[in-house]
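# Remarks on the overall topology
The lines below spell out each chain.
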Amino acid sequence: MSKLQLSTFPDGSASRAELAAFLKRHDPAPGGIEWEQRMRFWWDENPAAAESDERGRWVHDEGRLVGFGGSIPILYAWQGKPVVAVAATTLCVDPDFPRGAALMFLKQRAVAEHHLITHTTPNPRVQEALLSLGARAETTITRHFFPAGAASWLRGRAYWPALPADKHLVTGPQEIHSLKQAYRHKDRLEKWITPEYLRWFCSSPMRPHHLVGAVDARNTLSSYLLVTPRRIKGLRSWDVIETFTTEEDDTELLALIGTLVKDPALLPGGAAVVTGAAFADDPTWDGAPAMLRRRQQVCHFFLLPEPLRHVPKHTVMAEGDLGL
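Reference entry: report on the structure contained in this document. (Residues numbered from 1 in each chain as written. Predicted model: local features only at pLDDT ≥ 70, side-chain atom pairs only at ≥ 80, totals over all residues. Heavy atoms only, no water.)

Let us look at the overall build of the chain. Summing up its helical and strand segments, the chain has six helices and 14 strands in all. Taken over the C-alpha trace, the chain has a radius of gyration of 21 Å; the compact-globule value for 324 residues is 20 Å, and the two agree within 12%. Residues counted as buried form 55% of the 324 residues belonging to the chain. Summarising the internal contacts of the chain: among those between residues at least 6 apart in sequence, 72% fall at separations of at least 24. In the chain, the 37 positive side-chain charges and the 37 negative ones have mean positions that sit 4 Å from each other. (Helix = DSSP H or I, 4+ residues; strand = E, 2+ residues; numbered from the N terminus. Rg over C-alpha atoms; globule rule 2.2 N^0.38 Å. Buried < 20%, exposed > 50% of the residue type's maximum accessible area, 1.4 Å probe, protein only. Contact = heavy atoms within 4.5 Å. Lys, Arg positive; Asp, Glu negative; His and termini not counted. Charge placed at Lys NZ, Arg CZ, Asp CG, Glu CD.)

Here you go:
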């Protein structure tokens, strides 16, 4: 039996070429996007990449690459400061070497000693393994459905508040000059938000993401929605995959949601339906006039360093490698 060699992925032009050739044998161009382009997005264009040299692990058998598990650097906020984290991505192993997956996966114990690790696209076997490692599982959301455009007259069109008079709407991150604050609540773990991060996320080659935000006269962002398109029974819709505000209450957020519900033509192609996904700790949507609410299963898992293992965490759909 050959002895598999596990090592840190040494990012560079030669190693990327070797990795791309390996991944192309398994999936030539996922979503029509070349692997080289995805790597540039993960590691060259990503503003968080400078905060961590974690790029993943790979496994060789007698010099031949047989497995890879990637890491995308990201940042979270805790107690007003950024926390270095990585999003696990692209676990790919030759079928003849299943032990390679176990080697890479077990290595995450060591990585999780100093990095928060997010998994948002794990297959069922990986989900079981994550639970065995003590991962925090956030697997249930409530999805809220709103008829959009002209159909919004059917339910609660008058409910939505208006944007404050000193704010105006933007429909992309390029117009944002600054952010009032990089997080909402100091006493919970949540994503660290910057204009650079929002521009990067919305430039993902894998899936279109758009931002609808509220800014002041200096183009300082105070609230936003991140949305992505989908089809619901053949109907074009937009999913709100993250809400964020630096205001004390959710009034400005609800104004943004209402603007999108009433005028989905603000986004490419419009929509018949707008939906919003909320985890258990997110009350933003609770009082909104949804036509339908439905519980759904997702697969957000988090391996936390010991100092963060029991702190409160705010979870949104737009985490990990989902859509990246």
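Attention shifts here to the side chain of asparagine 46. Within the secondary structure, asparagine 46 sits in the loop between helix 2 (35-44) and strand 2 (56-61). A relative accessible area of 5% means that asparagine 46 is categorised as buried. Ignoring any residue separated from it by four or fewer positions in sequence, one finds asparagine 46 in contact with Phe41, Ile72, Pro73 and Trp200.

Moving on, we come to the packing of aromatic side chains. By the definition in use, this model includes 12 aromatic pairs. Relative to tryptophan 200, the ring of phenylalanine 41 lies with its centre 4.5 Å away and its plane at 10 degrees, an arrangement referred to as stacked. Taken together, the residues span a long stretch of sequence, with phenylalanine 41 in helix 2 and tryptophan 200 in helix 5 (residues 195-201) at a distance of 159 residues. The two residues phenylalanine 41 and tryptophan 200 agree in class, both being buried. Seen from their ring centres, tyrosine 224 and phenylalanine 244 are 5.3 Å apart, and the 25 degrees between their planes marks the pair as stacked. With tyrosine 224 in strand 11 (residues 220-232) and phenylalanine 244 in strand 12 (residues 235-245), this residue pair connects regions lying 20 residues apart in the sequence. Per residue, the accessibility class of tyrosine 224 equals that of phenylalanine 244, and both read buried. The rings of Phe9, Trp42, Trp43, Trp58 and Phe68 are connected pair by pair, giving a single aromatic cluster. (Phe/Tyr/Trp six-rings, centres within 6.5 Å; stacked < 30°, edge-to-face > 60°.)

Burial runs high along strand 11: 11 of the 13 residues are buried. Here two bridges tie strand 8 (residues 178-179) to strand 11, and the two strands are oriented parallel to one another. Of the residues in strand 11, the one forming a bridge with serine 178 is threonine 220. Sheet analysis places strand 10 (residues 210-215) next to strand 11, joined by six bridges and oriented antiparallel. Residue pairing in the sheet places leucine 211 in a bridge with leucine 226 of strand 11. Hairpin geometry of strand 10 and strand 11 is characterised by an intervening segment of four residues between the two adjacent antiparallel strands and by a positive phi of about 60 degrees at asparagine 219. With 10 bridges joining them, strand 11 and strand 12 adopt antiparallel strand pairing. When the bridges of strand 12 are listed, isoleucine 232 appears paired with leucine 235. Between strand 11 and strand 12, which pair antiparallel and follow one another directly, the connecting turn spans two residues, one of which, lysine 233, has a positive phi of 50 degrees. (Pairing = 2+ DSSP bridges.)

Once that is clear, we can look at the side chain of threonine 90. Mapping threonine 90 onto the fold places it in strand 4 (residues 81-93). A polar side-chain atom of threonine 90 sits 3.0 Å from a polar atom in the side chain of threonine 89. What threonine 90 contacts, discounting residues up to four positions off in sequence, is Leu23, Trp35, Trp42, Phe68, Gly69, Gly70 and Asp321. (Polar contact = N/O pair within 3.5 Å; in protein donor to acceptor, adjacent residues only side chain to side chain.)

To continue, consider helix 2. Of the positions making up helix 2, those classed as buried are Trp35, Arg38, Met39, Phe41, Trp42 and Trp43. Each buried residue of helix 2 sits inside an arc of 165 degrees when the element is viewed along its axis, so together they form one side. Summarising the contacts, the buried residues of helix 2 are in contact with helix 1 (13-26), strand 3 (64-78), strand 4 and helix 5. (Arc of directions from axis to C-beta.)

Bringing the pairing of strand 13 (residues 273-278) into the picture now. Within strand 13, six of the six residues are buried, which leaves it mostly tucked inside the rest of the structure. Both faces of strand 13 are covered, namely the face carrying Val273, Thr275 and Ala277 and the face carrying Val274, Gly276 and Ala278. As judged from the six bridges shared by strand 6 (residues 136-147) and strand 13, these two strands associate in the antiparallel manner. If you follow phenylalanine 145 over to strand 13, its bridge partner there is threonine 275. With four bridges connecting them, strand 12 and strand 13 associate as parallel partners. Bridged to valine 240 within strand 13 is glycine 276. For the segment spanning strand 12, helix 6 (residues 251-262) and strand 13, crossover handedness is right-handed. (Right-handed = clockwise from strand over helix to strand, strands pointing away.)

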